[in-house]
Amino acid sequence: AQSVTQLGSHVSVSEGALVLLRCNYSSSVPPYLFWYVQYPNQGLQLLLKYTSAATLVKGINGFEAEFKKSETSFHLTKPSAHMSDAAEYFCAVNADTGRRALTFGSGTRLQVQP
Amino acid sequence: DGGITQSPKYLFRKEGQNVTLSCEQNLNHDAMYWYRQDPGQGLRLIYYSQIVNDFQKGDIAEGYSVSREKKESFPLTVTSAQKNPTAFYLCASSIDPAGNTEAFFGQGTRLTVV
């Protein structure tokens, strides 16, 4: 079985501050991990993905995430928040366990204060 | 442009009626998915299809039905058996039927029971 836990349903940061969104996964086999962003009333857009190559993954819009097997984590970071980063962020996992679809976390809503 | 088109964007249903949500993709992807999104619950998998004329139940398939007669199309029917259908529905596709690559999402259909 595979699952994802996102700690913190709401995160608020000031513009220019560090963004840290937490994601922990559970998988019995090496996972593929993804971060998506969703703006209101829209679909999901891929930010970045981990597919067993480099453990530090760089994505779009200045975001990056580090895969830490020992901690079963894949936290999303951005050094300096921008107002346009305000959105909902989802972590997702897939692993070769027979389930042929991504499993999503419950999401974290990021608020950026001016 | 290549992508996934969901229609309609907004849909209203009377209690006891069946409704069908459309999803079309021109990405030549083998796999397609339907997810349901409710506030605070992330995305939950309804059905997925890895190949034409084949599909599998996801985590919350009760009250829903799908078909995959063409590679490009994966319509979702919300039946009267679905007791709480009001939600945001997202269709996605992936080039890898095993689900180990990213999924691309449509813009969603918001269904409201009136």
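Structural data are supplied above this passage.
As the structure is a computational prediction, the values presented were derived from the model and not from experiment.

A.B. asks: It is not clear to me how the overall build of chain B should be interpreted in this structure. Could you clarify?
C.D. replies: Within chain B, the secondary structure is distributed over zero helices and eleven strands. In terms of overall dimensions, chain B is globule-like: its C-alpha atoms have a radius of gyration of 13 Å, near the 13 Å expected for 114 residues. Of the roughly 5300 Å² that chain B leaves accessible, carbon and sulfur atoms contribute 49%. Averaging the positions of the 11 positive and the 12 negative side-chain charges in chain B gives two centres separated by 9 Å.

A.B. asks: Looking at this structure, I do not really get the interface of chain A and chain B. What am I missing?
C.D. replies: As a measure of interface size, the accessible area lost when the parts come together is often cited. Counting from both sides, the interface comprises 21 residues of chain A and, opposite them, 25 residues of chain B. Between chain A and chain B, a total of about 1900 Å² is buried, with carbon and sulfur atoms accounting for 49% of that surface. Linking chain A with chain B are one salt bridge, by the criterion used here. The salt bridge involving Lys49 of chain A is made with Glu102 of chain B; its shortest N-O contact spans 2.7 Å. Across the chain A-chain B interface, the total number found is six residue pairs in polar contact (both at pLDDT 80 or more). Breaking the side of chain A that touches chain B down by element, the ones donating at least two residues are β5 (31-38), β6 (44-50) and β10 (87-95) of chain A.

A.B. asks: Looking at this structure, I do not really get the sheet that holds strand β1 (residues 4-7) of chain B. What am I missing?
C.D. replies: Whenever strands of a sheet pair, they do so through backbone hydrogen bonds, lying parallel or antiparallel. Residues and elements named next belong to chain B. With antiparallel pairing, the four strands of this open sheet are ordered in space as β1-β3-β8-β7. Of all strands in the sheet, those bounded by a partner on one side alone are β1 and β7 (64-66). Across the sheet, the mean angle separating the axes of adjacent strands is 20 degrees when strand polarity is ignored. Where β1 lies against strand β3 (residues 19-25), four bridges are found, and the strand directions are antiparallel. Across the sheet, the residue bridging to Thr5 is Glu24, located in β3.

A.B. asks: Sorry if this is basic, but what is going on with a nonpolar patch on the surface here?
C.D. replies: Residues and elements named next belong to chain B. Among the surface-exposed residues, Tyr10, Phe12 and Val114 lie close enough to one another that they form a single nonpolar patch of about 350 Å² accessible area. Within the secondary structure, Tyr10 sits in strand β2 (residues 10-13). On the accessibility criterion, Tyr10 (46% relative accessible area) is partly exposed.

A.B. asks: I tried to follow the side chain of Gln2 of chain A on my own but got confused; where do I start?
C.D. replies: Residue and element names in this part refer to chain A. Turning to its location among the elements, Gln2 is positioned in strand β1 (residues 2-5). The class for Gln2 is buried, based on a relative accessible area of 9%. A polar side-chain atom of Gln2 sits 3.3 Å from a polar atom in the side chain of Asn94. At a separation of 3.4 Å, a polar atom in the side chain of Gln2 contacts the main-chain carbonyl oxygen of Ala101.

A.B. asks: I keep staring at the packing of aromatic side chains and nothing clicks. Help me out?
C.D. replies: To describe a pair of aromatic rings, one takes the distance between the centres and the angle between the planes. Counted by the stated rule, this structure contains 13 aromatic pairs over all chains. Taken together, a centroid distance of 5.8 Å and an interplanar angle of 50 degrees make the contact between Tyr36 of chain A and Phe104 of chain A tilted. Of this pair, Tyr36 of chain A sits in strand β5 while Phe104 of chain A sits in strand β11 (residues 103-104); the two residues are 68 residues apart in sequence, bridging distant segments of the chain. Overall, Phe104 of chain A belongs to the buried group, its relative accessible area being 8%. Geometrically, the ring pair formed by Phe104 of chain A and Phe105 of chain B is edge-to-face, given 6.0 Å between the ring centres and 75 degrees between the ring planes. A residue pair is termed interchain when its members come from two chains, as with Phe104 of chain A in strand β11 and Phe105 of chain B in strand β10 (residues 104-105).

A.B. asks: Before we go on, may I ask you to explain the state of the cysteines in this structure?
C.D. replies: All names here are of chain A. The tally for this structure, following the rule as stated, stands at two disulfides over all chains. Note that Cys23 is cross-linked by a disulfide to Cys91, the S-S spacing being 2.0 Å. Its S-S torsion of about -65 degrees marks the bond between Cys23 and Cys91 as left-handed, since a negative value means left-handed. Of the two residues, Cys23 sits in the loop between β3 (19-21) and β4 (24-27) while Cys91 sits in strand β10, which places them 68 residues apart along the sequence. Overall, the relative accessible area of 0% leaves Cys23 in the buried class.

Rules and cut-offs
- Residues numbered from 1 in each chain as written.
- Chains lettered and ligands numbered in written order.
- Predicted model: local features only at pLDDT ≥ 70, side-chain atom pairs only at ≥ 80, totals over all residues.
- Heavy atoms only, no water.
- Helix = DSSP H or I, 4+ residues; strand = E, 2+ residues; numbered from the N terminus.
- Rg over C-alpha atoms; globule rule 2.2 N^0.38 Å.
- Areas by Shrake-Rupley, 256 points an atom, 1.4 Å probe, with all protein chains shown as cover.
- Lys, Arg positive; Asp, Glu negative; His and termini not counted.
- Charge placed at Lys NZ, Arg CZ, Asp CG, Glu CD.
- Contact = heavy atoms within 4.5 Å.
- Buried area = accessible area lost by both parts, 1.4 Å probe.
- Salt bridge = Lys/Arg side-chain N within 4 Å of Asp/Glu carboxyl O.
- Polar contact = N/O pair within 3.5 Å; in protein donor to acceptor, adjacent residues only side chain to side chain.
- Pairing = 2+ DSSP bridges.
- Axes fitted to C-alpha atoms, helices over the stretch in contact; angles between N-to-C directions.
- Patch = residues over 30% accessible without salt bridge, like charges linked within 9 Å, V, L, I, M, F, W, Y side chains within 5 Å.
- Buried < 20%, exposed > 50% of the residue type's maximum accessible area, 1.4 Å probe, protein only.
- Phe/Tyr/Trp six-rings, centres within 6.5 Å; stacked < 30°, edge-to-face > 60°.
- Disulfide = S-S within 2.5 Å.

Distances and angles like these do not, on their own, reveal function.
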